[in-house]
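Structural features, examined
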Amino acid sequence: MKALNALLAAAVLLLLGCGSTTTTRVVSESWQSMDGPRAQDVTSLLVPGESAPVFLAGTENGEVYSMTSSGAAWKKISVIPKGAAIHGFVRDPETALKIYAATDAGLFVTTNDGAAWAQIPLSTGSATVGVRSVAIDPWNTSVLYAGTDRNGIWKSTDGGTSWNPANEGIPGLNQAEVHEIFVDISKPDHLLAAASSLG
């Protein structure tokens, strides 16, 4: 099953176009359409896991679509509050129905596999901070990292109830746009981050 999931993760690509987006799957070096979501600019994708055999696709206007890994049709299941662009999803490795979404309107969480979303405020001193990426410590899922739009990296050790900046060591990181954060599964205190606009 793990090998199959890895294949699915490697085989999915989003082709972004002008108002028409197609999600596709690689089959023996050729592409096969996954039929949608149609007429949407898809900005993020969550592939199935062992405990949750469902694809999620997020759009630039906050809509969330789902499709089972068996290939059923895509269906719209919810809209992120404020209709903000969705930059990424992360599923909690211990709670299958719990998913975090990084959006232009901040960080959101669902506990019912995307049917409804609640905002998780970041304590950055700003009313709304755009979140570009989110990561979970696989060994302690109460530890979360949020990569923001020009506010650097923020860390929570209590499941998102409180947050503190985690930008020491690199000048200007606290003002950076952080596009991706990865936790080293063998050394969860080691992180990799893709950032731009330092300082």
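Here's a quick rundown of the structure. Within every chain, residues take consecutive numbers counted from 1 along the sequence as written. At least 70 in pLDDT is required for a residue's local features to be given in this predicted model, at least 80 for side-chain atom pairs to be given and counted, and no such filter applies to totals for whole chains, interfaces and linings, which use all residues. Hydrogens and water molecules were not included; the side-chain quantities draw on all heavy atoms of the structure.

**Re the overall build of the protein**
Elements are defined by DSSP. Helices are runs of H or I of four residues or more, strands are runs of E of two residues or more, and each kind is numbered from the N terminus. Looking only at helices and strands, the protein has one helix and 17 strands in total. When contacts within the protein are restricted to residue pairs at least 6 apart in sequence, long-range pairs at least 24 apart make up 36% of them. Total accessible area on the protein stands at roughly 10,000 Å², and carbon and sulfur atoms take up 54% of it. Only heavy atoms enter the contact rule, under which two residues are in contact if any of them lie within 4.5 Å. In short, Shrake-Rupley with a 1.4 Å probe defines the accessible areas, and a residue's cover is counted only from the protein chains shown.

**Some words on the pattern of salt bridges**
For salt bridges, the criterion is a side-chain nitrogen of Lys or Arg within 4 Å of an Asp or Glu carboxyl oxygen. Under the defined criterion, the tally for this structure stands at five salt bridges. The salt bridge involving E177 is made with R132; its shortest N-O contact spans 2.9 Å. Residue E177 is located in strand β16 (residues 177-183), and its partner R132 is located in strand β12 (residues 131-136); the two are separated by 45 residues in the primary sequence. We classify R132 as buried; its relative accessible area is 15%. Overlapping salt bridges, with partners in common, bring together D104, R132, D149 and E177 in one network. Three labels apply to residues, based on accessible area from a 1.4 Å probe with only protein chains included: buried if under 20% of the type maximum, exposed if over 50%, partly exposed otherwise in between.

**A few points about the side chain of S78**
Along the chain, the position of S78 falls in strand β7 (residues 75-79). By relative accessible area, which is 8% here, S78 ends up buried. Throughout this description, a polar contact denotes any pair of N or O atoms lying within 3.5 Å of each other; where both atoms belong to protein, one of them has to be capable of donating a hydrogen while the other can accept it, and for residues adjacent in sequence the pair is counted only when both atoms sit in side chains. Within polar-contact distance, the side chain of S78 engages the backbone oxygen of G114 at 2.5 Å. For S78, the side chain forms a polar contact with the side chain of W117, separated by 3.0 Å. With near-sequence residues (within four places) excluded, S78 lies in contact with G62, E63, V64, G114, A115 and W117.

**Re the sheet that holds strand β14 (residues 153-156)**
Strand order in the open sheet formed by four strands is β12-β13-β14-β15, and the pairing between neighbours is antiparallel. In this open sheet, the two strands that pair with only one neighbour each are β12 and β15 (164-165). For two strands to count as paired, DSSP must find a minimum of two bridges between them.

**A closer look at the environment of N167**
Here N167 is to be found in the loop between β15 and β16. Measuring from C-alpha to C-alpha, the distance between N167 and W154 comes to 7.8 Å, with 13 residues separating the pair along the chain. Those residues in contact with N167, other than ones at most four positions away along the chain, are N151, G152, I153, L173 and N174. A polar side-chain atom of N167 sits 2.7 Å from the main-chain amide nitrogen of I153.

**So, unusual backbone geometry**
The backbone of K82 sits at a positive phi, close to 80°, despite the residue not being glycine. One can find K82 in the loop between β7 and β8 (86-91). With relative accessibility at 59%, the residue K82 sits in the exposed group. With a phi angle near 70°, R150 is a residue other than glycine that sits in the positive phi range. Mapped onto the fold, R150 is located in the loop between β13 (144-148) and β14.

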